[in-house]
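Take a look at the letters that make up each chain.
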Amino acid sequence: QFVQSAEALAIKGKTQDAISLLSQAMDVGADRYQCLLKQAKLYQKAKLLNKAAETAMQAIIEYPDRLPAREAVVSLLLETGNYEDAVTAARDLLRISPCHLPAHDALGAAYLGMGNVNAAIRVAHNLVRIDPENPGHRLTRGHLLLHAGEIALAVIDFEWVLEMAAEDEQAEFARTQLQELDITQCNQILILALEDAVFRSRLRSEPQVAITERGY
């Protein structure tokens, strides 16, 4: 009864009243884990993110083998920009559920938030390995590889997405990336040809070889 009343209050926007009622529900024997999760979501809705994370963490402490509270904590830590703790929380979740795709996604996002692109790329490799037919994972990896200067590898991922994702938004993004790369590299080749007589001569006689030798 308390839980249902709390849910009704939450729908009406009476967040604090709903949270208090959930505490009362736990006092009289309602499912504590579910009540803590509901409280965490209500705190999040009220933009009390630290309190939401604390509440979800309490659920983890009391019920360490259950996943929803761990998922909530990872999400909240990312939302607050607490990337180092988000990495720890995501890793803890992955120890329990190694193929948990959202946890891998969150781990990659946390590493990227910390500026650790190489670690984010390693996570992207794992995602592609676990779910190889998902174009989203390939697109993410391609974007990260491009950011790290691994252009040839990025192109492979973008071309795969373009072929497999048909005409959806992911394919359009991959197409845009490839087009921008083509323009950038053509400009770089043109500048190099103007500045380097040897390369310019080689470009005339063996264009493909000349371009490949320079890493294009």
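Everything that follows concerns the structure shown earlier in this document.
Residues numbered from 1 in each chain as written. Predicted model: local features only at pLDDT ≥ 70, side-chain atom pairs only at ≥ 80, totals over all residues. Heavy atoms only, no water.

This part is about helix H9 (residues 135–147). For H9, built from 13 residues, the straight-helix expectation of 18 Å at 1.5 Å per residue is met to within 8% by its first-to-last C-alpha distance of 18 Å. Every buried residue belonging to H9 is among Pro-135, Gly-136, His-137, Arg-138, Leu-139, Arg-141, Gly-142, Leu-144 and Leu-145, and all of these are buried. For H9, the N-terminal capping position is held by Asn-134, with its side-chain oxygen 2.8 Å away from the main-chain nitrogen of Gly-136. (Helix = DSSP H or I, 4+ residues; strand = E, 2+ residues; numbered from the N terminus. Expected span 1.5 Å × (residues − 1). Buried < 20%, exposed > 50% of the residue type's maximum accessible area, 1.4 Å probe, protein only. Polar contact = N/O pair within 3.5 Å; in protein donor to acceptor, adjacent residues only side chain to side chain.)

We now examine the nonpolar core. Soluble globular proteins: nonpolar side chains tend toward being buried together. With 54 residues, the main nonpolar core has Leu-107 and Tyr-111 as its most contacted residues. Filtering out sequence-adjacent residues up to four positions away, Tyr-111 remains in contact with Val-87, Arg-91, Asn-116, Ala-119, Ala-120 and Val-123. (Core = buried A, V, L, I, M, F, W, Y, C linked by side-chain atoms within 4.5 Å. Contact = heavy atoms within 4.5 Å.)

The next thing to look at is the side chain of His-137. Relative to the assigned elements, His-137 resides in helix H9. A relative accessible area of 8% means that His-137 is categorised as buried. For His-137, the side chain forms a polar contact with the side chain of Asp-131, separated by 3.3 Å. Every residue in contact with His-137, bar those within four places of it in the chain, is listed here: Leu-101, Asp-105, Leu-127, Val-128 and Asp-131.

With that out of the way, let us pick up the packing of aromatic side chains. Following the criterion strictly, the structure yields one aromatic pair and no others. Seen from their ring centres, Tyr-33 and Tyr-63 are 5.2 Å apart, and the 75° between their planes marks the pair as edge-to-face. Here the residue Tyr-33 occupies a position in helix H3 (residues 32–45), and Tyr-63 occupies one in the loop between helix H4 (49–62) and helix H5 (68–79), the gap between them amounting to 30 residues. One residue, Arg-138, lies across the ring of Trp-160, its end atom 4.3 Å from the ring centre. (Phe/Tyr/Trp six-rings, centres within 6.5 Å; stacked < 30°, edge-to-face > 60°. Lys NZ or Arg CZ within 6 Å of the ring centre and 35° of its normal.)

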